[in-house]
Amino acid sequence: MNTSQPASLIDRFGRKVTYLRMSVTDRCDLRCIYCMSEKMQFVPRNQLLTLEELIRVGRAFVQLGVRKIRITGGEPLTRRNILSVFEALGQEPGLDDLTLTTNATLLPRYARALKEAGVTRINISLDSLRPERFRHITRVGELEKTLAGIDAALEAGFQRVKLNAVVLKNRNHDEVLELTEFAASRGMDISFIEEMPLGVIEEHDRAEAFYSSDEILADLRRKYELVPTTESTGGPSRYYHLPHSGTRVGFISPHSHNFCAQCNRVRLTAEGRLLLCLGQEHSVDLRHVLRTQPLDDEALKEAIVNAMDIKPKGHDFDLSAKPVLLRHMNMTGG
Ligand code: SAM
Ligand code: SF4
């Protein structure tokens, strides 16, 4: 690596990587039907990156020009002592945004401390406001706990909390208006996500349960005039303003709208595999570098820079084919 150049991560297609998603555990206190199979095999704990290793990787990325880190999982807040990772990265000069994706069940315990640690924004997954349906989708969850977590995030002073809802036909597609109105009533944003074919699941046929962003948009437009915004996050999201509110409605549409040309992100699995694309298997084993060179951050940075050469041009998700990607979303970090 030429250290006289300002550090930055640029791939073969000229895309600059400024955003890292880190999965800090593959475990979770819920079992959402689109994310996990009923009986999941989790990674043995000694194969997960340690908290210190997670911090080391996060710092290396920031030194290489990454400006945003999202902590995800599995359920990040179920990892013991995870606050130390937020506290360390929250202090990192150059990191503009430290964000969290969570199912919110543990936010009553953690929201305030996360705010103090420097977390800038929180995304909360919520697919239904009906207790029985919420239980069905999460298999084991209680709606009340997630709602209490949402309250805790708002009370701790987080601005622009965003709800994420995966929409499945005949399971919750008829609730998109209620979810949007709930978000608006609490001053939150909301994004609707098309299901991605990650891992084998048994609850439904993914092609049969597909409900497109365009259908959701049409459903919402029966009541509201949604105005498109021009902003881009470098990802698969498109945003609209809900009139007479500050609420933005987003659509994450890996199937119906290809976003790969602007991709600015990479992902780290809980085992330390750096994935260059959510929809492909191209990866580099950073755990190996971390453990064989425990004191050499330059070697770590060099491995990260070199990994940019194998970032693929794009994903090729196909709902009608058998899943080619055996890893579930809890491994990858959504
Ligand atoms: N446990 C946390 C949560 O649920 O927010 C963080 C991890 S979860 C894997 C991150 C996001 O991925 C959630 O919003 C979840 O709904 C979404 N997700 C999980 N499996 C998915 C799939 N197969 N397709 C699309 N989104 C998925
Ligand atoms: Fe857990 Fe999040 Fe996956 Fe649901 S989507 S099972 S909450 S990791």
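Residues numbered from 1 in each chain as written. Chains lettered and ligands numbered in written order. Predicted model: local features only at pLDDT ≥ 70, side-chain atom pairs only at ≥ 80, totals over all residues. Heavy atoms only, no water.

## Considering the pairing of strand β1 (residues 19-23)
Counting buried positions over the 5 residues of β1 gives 5, a clear majority of the element. Taking every second residue as pointing to the same face, both faces of β1 are buried, with Tyr19, Arg21 and Ser23 on one and Leu20 and Met22 on the other. Sheet topology places β1 next to strand β2 (residues 68-72); 5 bridges connect them, and they run parallel. In the strand pairing of β2, Tyr19 is matched with Lys68. Since β1 and β2 lie parallel, the crossover through helix α1 (residues 51-63) that links them has a hand, and here it is right-handed. (Buried < 20%, exposed > 50% of the residue type's maximum accessible area, 1.4 Å probe, protein only. Helix = DSSP H or I, 4+ residues; strand = E, 2+ residues; numbered from the N terminus. Pairing = 2+ DSSP bridges. Right-handed = clockwise from strand over helix to strand, strands pointing away.)

## Some points on the side chain of Ser23
Among the structural elements, Ser23 can be located in strand β1. In this structure the side chain of Ser23 is engaged in a polar contact, spanning 3.2 Å, whose partner is the backbone oxygen of Thr25. (Polar contact = N/O pair within 3.5 Å; in protein donor to acceptor, adjacent residues only side chain to side chain.)

## Some details on helix α6 (residues 176-185)
By the burial criterion, the buried members of α6 are Val176, Leu179, Thr180, Phe182 and Ala183. Viewed end-on, α6 has its buried residues packed into an arc of 160°, placing them on one side of the element. Where α6 is buried, its residues touch α5 (143-155), β5 (162-166), β6 (189-193), α7 (213-221) and β9 (248-252). Looking one or two residues past α6, Gly187 carries a phi angle of roughly 70°, positive in sign. (Arc of directions from axis to C-beta. Contact = heavy atoms within 4.5 Å.)

## Quick look at the environment of Asp97
Tracing the backbone shows Asp97 in strand β3 (residues 97-102). Look at Asp97 and you get partly exposed, because its relative accessible area is 24%. Put simply, Asp97 and Tyr19 are 78 residues apart on the chain and 9.3 Å apart in space, counted from C-alpha to C-alpha.

## A closer look at the sheet that holds β9
Pairing between the strands of a sheet comes from backbone hydrogen bonds, and it takes one of two forms, parallel or antiparallel. Reading across the sheet, the 12 strands line up as β7-β8-β9-β6-β5-β4-β3-β2-β1-β10-β11-β12 and stay open at both edges, with mixed pairing between neighbours. Every interior strand has two partners, whereas the edge strands, β7 (227-228) and β12 (283-285), have only one. By the bridge criterion, 2 bridges tie strand β10 (residues 265-268) to strand β11 (residues 273-275) in an arrangement that is antiparallel. Note on β11: the bridge partner recorded for Arg267 is Leu275. Strands in contact with α1 are β1, β2, β10 and β11; relative to β1, the strand with the most contacts, it is inclined by about 175°. (Axes fitted to C-alpha atoms, helices over the stretch in contact; angles between N-to-C directions.)

## Details of the site of ligand 1
If you check the shell around ligand 1, you find 19 residues, and the closest are Tyr34, Gly74, Glu75, Ser125 and Met196. Contact between ligand 1 and Tyr34: a nitrogen atom at 3.1 Å from a main-chain N or O atom of the residue. A distance of 3.5 Å separates a nitrogen atom of ligand 1 from a polar side-chain atom of Arg206. Protein coverage of the free-state accessible area of ligand 1, which is 550 Å², stands at 96%. Among the secondary structure elements, those contributing two or more residues to the shell around ligand 1 are β3 and β5. For the shell around ligand 1, a count of residues per class yields 6 nonpolar, 9 polar and 4 charged. (Near = heavy atom within 4 Å. Areas by Shrake-Rupley, 256 points an atom, 1.4 Å probe, with all protein chains shown as cover. Nonpolar A, V, L, I, M, F, W, Y, C, P; charged D, E, K, R; others polar.)

## A closer look at the site of ligand 2
Taken together, Cys28, Leu30, Arg31, Cys32, Cys35, Met36, Gly74 and Asn103 make up the full set of residues near ligand 2. Taken together, the residues of the shell around ligand 2 sort by class into 5 nonpolar, 2 polar and 1 charged.

## Re the packing of aromatic side chains
According to the stated counting rule, one finds 2 aromatic pairs in the structure shown. Chaining the aromatic ring pairs together yields one cluster made of Phe192, Tyr240 and Phe251. In this structure, Lys115 is placed above the aromatic ring of Phe158, and the distance from its NZ or CZ to the ring centre is 5.3 Å. (Phe/Tyr/Trp six-rings, centres within 6.5 Å; stacked < 30°, edge-to-face > 60°. Lys NZ or Arg CZ within 6 Å of the ring centre and 35° of its normal.)

## Quick notes on the environment of Lys68
One can find Lys68 in strand β2. A relative accessible area of 23% means that Lys68 is categorised as partly exposed. Linking Lys68 and Thr18, residues 50 residues apart in sequence, is a C-alpha distance of 6.5 Å. Residues contacting Lys68, with those up to four places away along its chain left out, are Thr18, Tyr19, Leu20, Leu95, Asp97 and Thr99.

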